[in-house]
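Take a look at the letters that make up each chain.
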Amino acid sequence: MTLRRRADLTALLLTLGLAWLVAYPLLLVVAQAAHADLRSFFGARSEWAALWGSLWISVASVALAAAVGVPLALVFERYDFPGRRALGALVALPAVLPPLVGVIAFLFLYGESGFASRAAQAVFGLDHAPWRLRGPAAILLVHAYSMYVYFYLFARAGLARIDASMVEAAASLGAGPWRTFRRVVLPLLAPALWGAALLTFMTALASFSAPYIFGGSFRVMTTQIVATKLNGDLPTAMLETVMLAALAIVGFAVVQRTEGSRLVVTVGKGTAPPLTAITHPVARRAAALAGWTLAVVLLLPHVTLLVVSLVPPGTWTTEAIPPAWSLRNYGALFAEPERLRPLLNSVWMAAAATAAAVALAALAAHLAVRRRVALRRAIETLLALPWAVPGTVVAIALATLFSVRSPLAGRWVLVGTAAILPLAYLVRSLPLTGRALLAGYRQLDPSLEEAAESLGAGRWRRLWRVTLPLLKPALAVGASLAFVTALGDFVTSILLYTYDTRPISIEILSSLRLDDVGVAAAFGVVLMAVSAAALGVGARAGR
């Protein structure tokens, strides 16, 4: 068999495997949704309210995240003031908070018995908390805090790529700062902003933790699906899943189409505009003070989580400051086998899913980019498809596929086994590892492998000594993002876990329900630390 034919055969098998894992479950959901009572569904106000809630919360989250992230990016990328580098890194810290951990940190900080509420009660002499962290406002607060980072990072990267000669040319033609920003900087920044908007919209649409914890009677489609499924109305849950997936795919297509029509390409000297130094002493001190104040505000959820994790059970009731401190919660976490099991479950399941996702993505990238097989577009589409589908939809679709034994139809019973969660994490990780490996392969110069081959290196030696070292940055970034995403997953876990396979996120929720907040916070701190370490290792290895 020739090398070309072998590559085509491998591509066919890979395409069939990805289609079975990614597209087939979604088609089964669509087929089962046909059994739902369509008239009852489309006539129910609660269904339309949940769908509308998902849409407007997602759009509002994009607006709020942009309102916070873009000005911050402009300040840190265009002005020089004391502490700018350190503050620039601290501003991105919300990115290391897994979704559920961020939500419980807000609960401990701004909830009715949280630090901020107690402080407000003490200052104003109130008998009860001055606010309730409930409903759409609470969801938007959490979304704005956790998602402005997308706009901040994308906008900073976009500003760094704008050539100084474009700004200088506008100034030489008499354009003022505002006109230069509106007619030059903003159009050049548009691709980065649309990319951030797309990422924020899809993340907000798929959000489950904040609506689940803070939503109360306010429903979005992700929580509506879970509630319907728990009530035993599976056909309606399937129809709701189809509606949410359709909304996500339409939103994805609209933003991508808009993004594509606004692409702007520039040429120039290849240097970014210089930083504007704040020279006045008072203005420099004011800028530094404002920056560090912002950093303290952004760090409050992390610090709150750490403080609560150090409070022994039953020792903190009405005091403003905890009266006792200890490591008892961490001791319980590591000494009690039932507490330790969720941590070990999360680590091994995330590691297994990451390893499989990296291997599949590497094979797909090799076939699509290096071999340029005929099925390369189908492979790339299947790799990206889970990104356009919310996690709730992925979980429902996999539960549908793997709840029936029918080998001829490609279906086996995996629900209730230890395999289903790693499989779900693998599907959700494919877009991350796929994007990273495809980009890595496209930046790889094929002449290096050809040179190694001409020097007598065999296939495995070329892979080990040439290809893998050059792909190391892409592998590190893709693997670290996939691992962190799987480690902190909540939305698919809550639909697919069993008692023996429960991950950290489910144990955090169980601890909160049992009012064991110290242990829940300790789990949150451990999850946050492992996520930060994984991202740090990925960033370091990727240099």
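All figures in this text were calculated on a predicted structure; none of them were measured in a lab.

All right, on to the confidence of the model for the protein then. Averaged over every residue, the pLDDT of the protein is 84; the share at 70 or more is 95%. Mean pLDDT across the elements of the protein bottoms out in strand E2 (residues 276–277) (74) and peaks in helix H15 (residues 337–370) (92).

A few words on the pattern of salt bridges. Within this structure, the stated rule accounts for eleven salt bridges. A salt bridge links Glu-338 to Arg-502; the nearest nitrogen and oxygen atoms lie 3.4 Å apart. Here the residue Glu-338 occupies a position in helix H15, and Arg-502 occupies one in the loop between helix H21 (493–496) and helix H22 (504–513), the gap between them amounting to 164 residues. A salt bridge links Arg-502 to Glu-507; the shortest N-O distance between them is 2.8 Å. Of the two residues, Arg-502 and Glu-507, both sit in the buried class.

Turning to helix H8 (residues 164–172), its buried residues number three or more, namely Ala-164, Ser-165 and Ala-170. Looking at the buried positions of H8, the neighbouring elements they touch are helix H9 (177–206). Gly-174 sits one or two residues past H8 and shows a positive phi near 95 degrees.

A few words on empty space enclosed by the protein. One water molecule sets the probe size; rolling that probe over the atoms shows where empty space is left. A complete count under the given rule lists one cavity of 30 Å³ or more for this structure. Approximately 70 Å³ is the volume found for the largest cavity. If you go around the largest cavity, the residues you meet are Leu-21, Val-22, Pro-25, Leu-26, Pro-386, Val-389, Val-394, Ala-397, Leu-398 and Val-427. Elements supplying a minimum of two residues to the lining of the largest cavity: helix H1 (3–33) and helix H17 (391–401). Taken together, the residues of the lining of the largest cavity sort by class into ten nonpolar, no polar and no charged.

Next up on the list: the packing of helix H5 (residues 99–110) against helix H13 (residues 281–309). It is at 8 Å that the axes of H5 and H13 come closest, and there the two elements cross at 80 degrees. For the element pair H5 / H13, the angle class is roughly perpendicular. Judged by residue contacts, Val-101, Ile-104, Ala-105, Phe-106, Phe-108, Leu-109 and Tyr-110 of H5 engage Leu-300, Pro-301, Thr-304, Leu-305 and Val-308 from H13.

A word on the packing of aromatic side chains. One pass over the full model with this rule turns up twelve aromatic pairs. Where Tyr-212 meets Phe-490, the ring centres are 6.0 Å apart and the plane angle is 65 degrees; that geometry is what we call edge-to-face. Placement of Tyr-212 in helix H10 (residues 209–214) and of Phe-490 in the loop between helix H20 (459–487) and H21 is noted, with a sequence separation of 278 residues between them. For Phe-490, a relative accessible area of 3% puts it in the buried group. Site record: aromatic cluster; members linked through ring pairs are Trp-20, Phe-402 and Trp-412.

Moving on: the side chain of Ser-209. For Ser-209, the location among the structural elements is in helix H10. Among the residues examined, Ser-209 registers a relative accessible area of 6% and is labelled buried. With residues up to four places along the chain from it excluded, the contact list for Ser-209 reads Pro-99, Leu-100, Val-103 and Phe-490.

Looking now at helix H3 (residues 45–78). For H3, with 34 residues, the first-to-last C-alpha span of 49 Å sits near the 50 Å given by 1.5 Å per residue. Along H3, the largest kink reaches about 25 degrees and is centred on Ala-66.

Let's shift gears to the side chain of Gln-224. Its place among the elements puts Gln-224 in helix H11 (residues 221–230). Note on Gln-224: relative accessible area 7%, which makes it buried. Leave out the neighbours within four places in its chain, and Gln-224 touches Ser-46, Glu-47, Ala-50, Arg-219 and Glu-240.

Side chains of nonpolar character tend, in soluble globular proteins, to be buried together. Counting 155 residues, the largest nonpolar core has Phe-214, Leu-305 and Ile-508 as the members making the most contacts within it. Ignoring sequence-local partners within four residues, the contact set of Phe-214 consists of Val-103, Phe-106, Leu-107, Leu-133, Arg-134, Gly-135, Ala-138, Ile-139 and Val-142.

The next subject is the packing of H3 against H11. Packing of H3 against H11 leaves a shortest axis separation of 8 Å and a crossing angle of 140 degrees. As the angle between them shows, H3 and H11 are arranged oblique. Mapping the contact onto sequence places Ser-46, Glu-47, Ala-50, Leu-51 and Ser-54 in H3 and Met-221, Thr-222 and Gln-224 in H11. When the residues that make up the contact of H3 with H11 are grouped by side-chain class, the tally is three nonpolar, four polar and one charged.

We now examine unusual backbone geometry. Despite not being glycine, Arg-372 shows a phi value in the positive range, around 50 degrees. In this structure, Arg-372 sits in the loop between H15 and helix H16 (376–384). Judged by relative accessible area, which is 48%, Arg-372 ranks as partly exposed. At Asp-515, a position not held by glycine, the phi torsion is positive, near 60 degrees. Tracing the backbone through its elements, the reader meets Asp-515 in the loop between H22 and helix H23 (517–541).

Moving on: a nonpolar patch on the surface. On the surface, Leu-9, Leu-12, Leu-13 and Leu-16 cluster together into a nonpolar patch covering about 370 Å² of accessible area. Note that Leu-16 resides in helix H1.

This part is about the environment of Leu-26. If you trace the backbone, Leu-26 turns up in helix H1. When the C-alpha positions of Leu-26 and Met-147 are compared, they lie 28 Å apart, and in sequence the two are 121 residues distant. If sequence neighbours within four positions are ignored, Leu-26 has contacts with Leu-385, Val-389, Val-393 and Ala-397.

A separate point is the environment of Leu-340. Tracing the backbone through its elements, the reader meets Leu-340 in helix H15. Residue classification places Leu-340 among the partly exposed positions, given a relative accessible area of 22%. Considered as a pair, Leu-340 and Ile-504 are 164 residues apart in the sequence and their alpha carbons are 9.2 Å apart. Those residues within four positions of Leu-340 in sequence are excluded, and the remaining contacts are Leu-333 and Phe-334.

What counts and how
- Residues numbered from 1 in each chain as written.
- Predicted model: local features only at pLDDT ≥ 70, side-chain atom pairs only at ≥ 80, totals over all residues.
- Heavy atoms only, no water.
- pLDDT = per-residue confidence, 0-100.
- Helix = DSSP H or I, 4+ residues; strand = E, 2+ residues; numbered from the N terminus.
- Salt bridge = Lys/Arg side-chain N within 4 Å of Asp/Glu carboxyl O.
- Buried < 20%, exposed > 50% of the residue type's maximum accessible area, 1.4 Å probe, protein only.
- Contact = heavy atoms within 4.5 Å.
- 1 Å grid on protein atoms, 1.4 Å probe; cavity = no way out; pocket = protein on both sides within 12 Å on 5 of 7 lines; lining within 4 Å.
- Points joined across faces, edges and corners; volume = space filled by probe spheres on them.
- Nonpolar A, V, L, I, M, F, W, Y, C, P; charged D, E, K, R; others polar.
- Axes fitted to C-alpha atoms, helices over the stretch in contact; angles between N-to-C directions.
- Parallel < 35°, antiparallel > 145°, perpendicular 65-115°, else oblique.
- Phe/Tyr/Trp six-rings, centres within 6.5 Å; stacked < 30°, edge-to-face > 60°.
- Expected span 1.5 Å × (residues − 1).
- Bend = angle between axes of the 7 residues up to and from the residue.
- Core = buried A, V, L, I, M, F, W, Y, C linked by side-chain atoms within 4.5 Å.
- Patch = residues over 30% accessible without salt bridge, like charges linked within 9 Å, V, L, I, M, F, W, Y side chains within 5 Å.
- Areas by Shrake-Rupley, 256 points an atom, 1.4 Å probe, with all protein chains shown as cover.

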